[in-house]
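Now for the letters of each chain:
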Amino acid sequence: MGASTAVGSAVGRDEEAGRQSPGTAPTPHADSTIRRSSRRAQGFPFSLKQLCCPHCGAAKTLNRHSRLYGNDPAQAKARTVRGQRVFCSDRGQRGGCGRTFAIFLEDVLPRHTISASLLWALLLPLLSGQSVRAAFHQAKTPMALESIYHLVARLRRRLDAVRVCLSRRGPPPECSHLDPLLQTVEHVQTTFTGAVCPLRQFQRVFQQPLLG
Ligand SMILES: [Zn+2]
């Protein structure tokens, strides 16, 4: 079954949805998947043919529903496409369960405005001894410094889950850092050496929202 593509986490909240789900109220713990970004991100970047419903496991029952929109991390007050809500059709002979779930672009951190790429640009300088404040000023993000501190604190609370994923791919590298956050950032970096953005790769490979 293709349910391995599902992420069983509390993503797909109301604020992710441009509109309400068809026929059902959005569930607070809707499952989601994370898909590779596409140059056609403004079109239809997802193929539903390879997906199964994470709720009932049915294949070939999935229909695109509303796009998921959110704040654009690159521009204040702008909106951007973050993913797609998908409906598992129970109409006619389709045999689905009638529920919905969200699929996100891999650069999207569900429930957070910041993109995976931007977060990586903020984390990488920490490995060379820079402060969060210095990395923030260098990244020139429209977000507030206070928000970045909250994100880093959020990531610290997620380190155990992140490390469990990473350890499936290999042990942590020899590391001179004492801070568990920096140890984990380095582990992500070595696990996905060569990736354009290791955090995007993390989400796509493990089908786990980095920040939960
Ligand atoms: Zn279903």
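Residues numbered from 1 in each chain as written. Predicted model: local features only at pLDDT ≥ 70, side-chain atom pairs only at ≥ 80, totals over all residues.

Within the open sheet, the four strands sit side by side as β1-β4-β3-β2. Their pairing is mixed. Strands at the two margins of the open sheet, each flanked by one partner only, are β1 (32-35) and β2 (62-71). Taking each pair of neighbouring strands and ignoring which way they run, the sheet shows an average axis angle of 30°. (Pairing = 2+ DSSP bridges. Helix = DSSP H or I, 4+ residues; strand = E, 2+ residues; numbered from the N terminus. Axes fitted to C-alpha atoms, helices over the stretch in contact; angles between N-to-C directions.)

This part covers the nonpolar core. Ranked by internal contacts, the top residues of the largest apolar core, which has 34 residues, are F104, L109, A116, L119, L122, L199 and L210. Those elements that place two or more of their residues in this core are β2, β3 (79-88), β4 (100-105), α1 (116-127), α3 (145-157), α4 (159-167), α5 (180-191) and α6 (198-206). Residue contributions to this core peak at six residues, all from α1. The residues touching L122, leaving out its near neighbours within four places in the chain, are A135, F136, A139 and I148. (Core = buried A, V, L, I, M, F, W, Y, C linked by C-beta atoms within 7 Å. Buried ≥ 20, exposed ≤ 12 C-beta atoms within 10 Å, placed from the backbone. Contact = placed C-beta atoms within 7 Å.)

The next point concerns the environment of A74. Structurally, A74 can be placed in the loop between β2 and β3. For A74, a count of 12 C-beta atoms within 10 Å corresponds to the exposed category.

Mapped onto the elements, Q207 comes out in the segment after α6. Assessed through the 20 C-beta atoms surrounding it within 10 Å, Q207 is described here as buried. Taking C-alpha positions, Q207 is 5.8 Å from I34, a pair spaced 173 residues apart along the chain.

Close contact between α1 and helix α2 (residues 132-139) brings their axes to 9 Å; oriented N to C, the two are set at 135°. By the angle class used here, α1 and α2 are oblique. Both α1 and α2 take part in a crossing whose hand is right-handed. Residues L118, A121, L122, P125 and L126 of α1 pack against V132, A134, A135, F136, Q138 and A139 of α2. Along the lines of polarity and charge, the residues of the contact of α1 with α2 split into 10 nonpolar, one polar and no charged. (Parallel < 35°, antiparallel > 145°, perpendicular 65-115°, else oblique. Left-handed = near helix turned anticlockwise from the far one by under 90°. Nonpolar A, V, L, I, M, F, W, Y, C, P; charged D, E, K, R; others polar.)

A separate point is α1. The first and last C-alpha atoms of α1 sit 17 Å apart over 12 residues, in line with the 16 Å expected at 1.5 Å per residue. Looking only at α1, the buried set comprises A116, L118, L119, W120, L122 and L123. Packed against the buried residues of α1 are α2, α3, α5 and α6. (Expected span 1.5 Å × (residues − 1).)

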